[in-house]
Amino acid sequence: MKSSFNTQLANWLLDPDGASSPIEDAEVLKKKLLKEDLMKVYEEVELPLVQVLKDVEAVGVSIDTKALQTLSRGLERQLTVLVKKIYKEAGEEFNINSPKQLLDIFSRKLKLHLRSTNVDKIAQFKDKHPLVGLVLQYRELAKVRSTYVEPLLTLTDKGSRIHTTFIQTGTATGRLSSRNPNLQNLPKESQWADDVRRAFIASPGYTLVSFDYSQVQLRILATVARDSRLIEAFQNGEDIHKLTASRIFNVSLEKVTPQMRRVAKTLNFGIVYGMGPRALSRESGLSFIEAQNFIDSYFLEFSKVKQWQEDLTQEVSSKGYVTNLAGRKRYFTEPINFRAAINTPIQGLEADILKRAMIQIHDVFSRRKEWQTKVRLLLPVHDELLFEIQNDTIQEAVPLLTTLMESAYTLAVPVKVDVKMGKNWATLTPYKKKA
DNA sequence: CGCATACGCGCC
DNA sequence: AAACGGCGCGTTTGCG
């Protein structure tokens, strides 16, 4: 089979931010890929992934359009009621969707002089005036309807399946993105999440099975920072957030309260993003000083992580780029965003792990003709793969898929996958191996 | 009038 | 005063 050189992939790998002008000539691009040590990730990951994604797009996800239509009508009705209430409370009609007009209303009617109307800023004033709560309710409903329910109904095909488009060359870190519709940002925790996700169903005779990499970014951090404490904790299957809590609060593991663990969890995830005290205090409710102290304690305890961050900022300053363990590369220009630089090798390797898993799985299952239609990849979501599997094949396929995902890439710590299954995407329950 | 931008918000 | 990384999208608003 003739496989022509993919210039789009090559251009993107050479400069995933798309800052420099694309080079057209394939021979020049090949030389550049070699020179920049990007040929491996091109040949082993991006090129084979093209066909995998095509297949995934073609399969699509089955949608319960009846459920969506019911949801749509319900939202419509409730929104009508809400709008009336809001106009009444405000004493006039205005465009609730306009932050500008909303600020004006808040200022004139509530004597609340704000510079932003986002939920974090205004939620605290819910008790002060009923209008605030009503507006937030309206926002939630309007968001669900206009961003999810209506577009999903529009984009579902005659066979009740929806086909997203994956953008393989759209992100700076190596992740995929999804559009028309974006199936990677469906509500999960909000009040309406289940109503939306219930509409994503398994084909008749199939079951949805999701495979989630467990704390993969922290496992990558442990690996790249070579932090022995983190590595040990993952090797021993310890509760990583509890461990962090114990260290930063300077108490024994048994004395860690749920509260302390929560802060530690925020911090653990934040570290990956280069989080500062301000962000931590905002996220956790701690004071700025407390947040600063916890970050200091964290770096005192996990000094290798601190060291890794410092080394990396050095490197990006001198070389002008960062790479991840898979060889993927991202250039930074002045002024360098060091937080992005810190996050890039972690988020990027996560993407490479998932991509390698997808390719591996595609290879294995396309070789087994009898399994081709029985195990279908429906959707990658950054650290998760959603499949639909024919009911009589689940017991056989799940362990194999789990193993393939867990062995897609070798880290300094075990790579673990959590499996859940169900008839729709809202009600997945942990997979239990049959005895 | 269409297009680009800002805002706000959903996910990992 | 401020900076927590990566996305896509609906709506409003300003610009040309």
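Residues numbered from 1 in each chain as written. Chains lettered and ligands numbered in written order. Predicted model: local features only at pLDDT ≥ 70, side-chain atom pairs only at ≥ 80, totals over all residues. Heavy atoms only, no water.

As annotated in an unreviewed UniProt entry, chain A carries the name DNA-directed DNA polymerase. Under the Catalytic activity (unreviewed entry) heading, UniProt states for chain A: "DNA(n) + a 2'-deoxyribonucleoside 5'-triphosphate = DNA(n+1) + diphosphate". What UniProt states about chain A under its Sequence similarities (unreviewed entry) heading is, verbatim, "Belongs to the DNA polymerase type-A family." (UniProt positions renumbered as here; feature names shortened; annotations may be inferred.)

S.K.: What am I meant to see in the overall build of chain A here?
M.R.: Along its length, chain A carries 17 helices and twelve strands. A compact globule built from 435 residues should have a C-alpha radius of gyration of about 22 Å, and chain A, at 24 Å, falls within 12% of that. Across its three principal axes, chain A shows a C-alpha extent of roughly 70 × 55 × 55 Å. Here chain A holds 435 residues, and 49% of them are scored as buried. Total accessible area computed for chain A in this model is approximately 22000 Å², and 50% of it derives from carbon and sulfur atoms. The averaged location of the 51 negative side-chain charges in chain A is 4 Å from the averaged location of its 62 positive side-chain charges. (Helix = DSSP H or I, 4+ residues; strand = E, 2+ residues; numbered from the N terminus. Rg over C-alpha atoms; globule rule 2.2 N^0.38 Å. Buried < 20%, exposed > 50% of the residue type's maximum accessible area, 1.4 Å probe, protein only. Areas by Shrake-Rupley, 256 points an atom, 1.4 Å probe, with all protein chains shown as cover. Lys, Arg positive; Asp, Glu negative; His and termini not counted. Charge placed at Lys NZ, Arg CZ, Asp CG, Glu CD.)

S.K.: Mind showing me how you'd approach the protein's contact with DNA strand C here?
M.R.: Taken together, 32 residues form the shell around DNA strand C, and within it Asn-95, Ser-98, Ser-177, Met-275 and Arg-339 come nearest. When the atoms of DNA strand C within 4 Å of the protein are sorted by group, sugar and phosphate make up 75%. In the environment of DNA strand C, a phosphate oxygen lies 3.0 Å from a nitrogen or oxygen atom belonging to the side chain of Lys-100. The separation between a sugar or linking oxygen of DNA strand C and a polar side-chain atom of Ser-146 is 3.5 Å. Breaking the surface near DNA strand C down by element, the ones donating at least two residues are α5 (99–109), α7 (130–155), β4 (177–179), α13 (277–284) and α16 (338–367). Residue classes in the surface near DNA strand C are distributed as seven nonpolar, 16 polar and nine charged. (Near = heavy atom within 4 Å. Polar contact = N/O pair within 3.5 Å; in protein donor to acceptor, adjacent residues only side chain to side chain. Nonpolar A, V, L, I, M, F, W, Y, C, P; charged D, E, K, R; others polar.)

S.K.: How do you make sense of the UniProt feature "domain: DNA-directed DNA polymerase family A palm" (unreviewed entry) in chain A when you look at a structure like this?
M.R.: When the UniProt feature table is mapped to this numbering, "domain: DNA-directed DNA polymerase family A palm" (unreviewed entry) covers residues 193–393. With 58% helix and 14% strand, the stretch residues 193–393 has end C-alpha atoms that lie 29 Å from each other.

S.K.: For this particular structure, what's the right way to read the protein's contact with DNA strand B?
M.R.: In the vicinity of DNA strand B there are 18 residues, among which Lys-143, Arg-175, Leu-186, Lys-188 and Asp-383 approach most closely. Residue Asn-185 places a side-chain N or O atom 2.9 Å away from a base nitrogen belonging to DNA strand B. Side-chain polar atom of Asp-383 to a sugar or linking oxygen of DNA strand B: 2.7 Å apart, as the coordinates give it. For the surface near DNA strand B, the element with the highest residue contribution is α7, accounting for three residues. Grouping the constituent residues of the surface near DNA strand B by class yields six nonpolar, six polar and six charged.

S.K.: What should I look at first to understand the pairing of strand β6 (residues 206–213) in this one?
M.R.: Each regular strand displays side chains that alternate between the two surfaces of the sheet. With eight of its eight residues buried, β6 lies for the most part within the structure. Where burial is concerned, the two faces of β6 agree: the one with Tyr-206, Leu-208, Ser-210 and Asp-212 and the one with Thr-207, Val-209, Phe-211 and Tyr-213 are both buried. Of the pairings in the sheet, the one linking β6 to strand β10 (residues 384–390) comprises seven bridges and is antiparallel in character. What sits directly across from Tyr-206, in β10, is Gln-390. For β6 and strand β11 (residues 417–422), the ladder comprises six bridges, and the chain directions are antiparallel. Note on β11: the bridge partner recorded for Leu-208 is Gly-422. (Pairing = 2+ DSSP bridges.)

S.K.: Looking at this structure, I do not really get unusual backbone geometry. What am I missing?
M.R.: Glycine aside, residues mostly have negative phi angles, and peptide bonds mostly take the trans form. In this chain, Asn-180 is followed by Pro-181 through a cis amide linkage whose omega measures 0°. Mapped onto the elements, Pro-181 comes out in the loop between β4 and α8 (193–197). A positive phi angle, near 55°, is found at Asn-180, a position not held by glycine. Take Asn-180: it is sitting in the loop between β4 and α8. The phi angle at Gln-215 is positive, at roughly 50°, despite the residue not being glycine. If you trace the backbone, Gln-215 turns up in the loop between β6 and α9 (216–225). A relative accessible area of 26% means that Gln-215 is categorised as partly exposed.

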